[in-house]
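# Architecture at a glance
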Amino acid sequence: GLEPALVAAVARAESGFDPASTSPAGARGLMQLMPGTAREMGVSDPSDPAASLMGGARYLRALLDRFNGDRSLALAGYNAGPNAVARAGGIPDIAETQAYVPRVLGYYQEYRASGL
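Here's a quick rundown of the structure. Counting restarts for each chain, with residues numbered from 1 along the sequence as it is written. Since the coordinates come from a predicted model, pLDDT governs what is reported: local features require at least 70, and pairs of side-chain atoms require 80 or more to be given and counted, while whole-chain, interface and lining totals use all residues. Excluded from the side-chain calculations are hydrogens and water; all other atoms, namely the structure's heavy atoms, are used.

### Thoughts on the nonpolar core
Here is the rule: Within this scheme, the nonpolar core is defined by two criteria: the residues are buried Ala, Val, Leu, Ile, Met, Phe, Trp, Tyr or Cys, and they are joined through side-chain atoms within 4.5 Å. When a residue's accessible area, from a 1.4 Å probe over protein chains only, is under 20% of the maximum for its type it is buried; when over 50% it is exposed; and in between it is partly exposed. Segments assigned H or I by DSSP are reported as helices when at least four residues long, segments assigned E as strands when at least two residues long, and all are numbered from the N terminus. By the convention used here, residues are in contact when the closest approach between their heavy atoms is within 4.5 Å.
Among the nonpolar cores identified, the biggest contains 32 residues, and Val-10, Met-31, Leu-60, Leu-75, Tyr-78, Tyr-100 and Val-104 are the most heavily contacted of them. Secondary-structure elements contributing two or more residues to this core are helix H1 (4-15), helix H3 (49-66), helix H4 (71-80) and helix H6 (95-113). Considering every element that reaches this core, the biggest residue donor is H1, with eight residues. If near-sequence neighbours (up to four positions away) are discounted, Val-10 is found in contact with Met-31, Leu-60, Leu-75, Tyr-78, Tyr-100 and Val-104.

This is the structure in C-alpha cells:
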C-alpha cells in the first residue's frame, strides 16, 4: 500500500542502498531499522535486503496511518521517532530531521518523475 518511489527515497536517504549499512546508533540495513523497530516489524535480519525493505515499508505505512497520510510527518517520525513528532506537534526542531524530510521528499519527487 505504499508508492515504490517513497520506499526507494527512504532507502536512498537511509543507507544509500547499501544493505550492509550500520549507523552509529545501531540502525541496520537498507532501511536502517533500529533493533526494536526491526523486531516490531517482524524483521529478524535487517541486513537481508528484502526483509529490510518489507520491515521499513511496514513501519513507514504505520507512520503514514498515524499521521493521517502526511508524508512530511511520517518521514520525520521515521527519522526522529513518532513520539518526537507528537511531542513537537510537527517536525521536531532537530537539525538532522529538518534536513532529512526535504531530502527524502526531493528523492521521492525525482523517482515519481522517472516513473518509479
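There is more to say after this.
### Thoughts on H4
Convention followed: Polar contact is defined as a pair of N or O atoms within 3.5 Å, subject to the rule that within protein one atom must be able to donate a hydrogen and the other to accept it, and that residues adjacent in sequence are counted only when both atoms are side-chain atoms.
In terms of burial, H4 is a largely internal element, seven of the 10 residues being buried. Three or more residues of H4 are buried, namely Leu-73, Ala-74, Leu-75, Ala-76, Gly-77, Tyr-78 and Asn-79. On its buried face, H4 sits against H1, H3, helix H5 (82-88) and H6. The N-terminus of H4 is capped by Asp-70, whose side-chain oxygen sits 3.0 Å from the backbone nitrogen of Ser-72. Among the residues trailing H4, Gly-81 stands out with phi positive, at a value near 100 degrees.

### A short note on unusual backbone geometry
Peptide bonds are mostly trans, and most non-glycine residues show a negative phi. One non-glycine residue, Phe-17, lies in the positive phi region at around 65 degrees. Looking at Phe-17, the relative accessible area reads 44%, which means it is partly exposed. The backbone phi angle of Gln-32 is positive, close to 50 degrees, even though this residue is not glycine.

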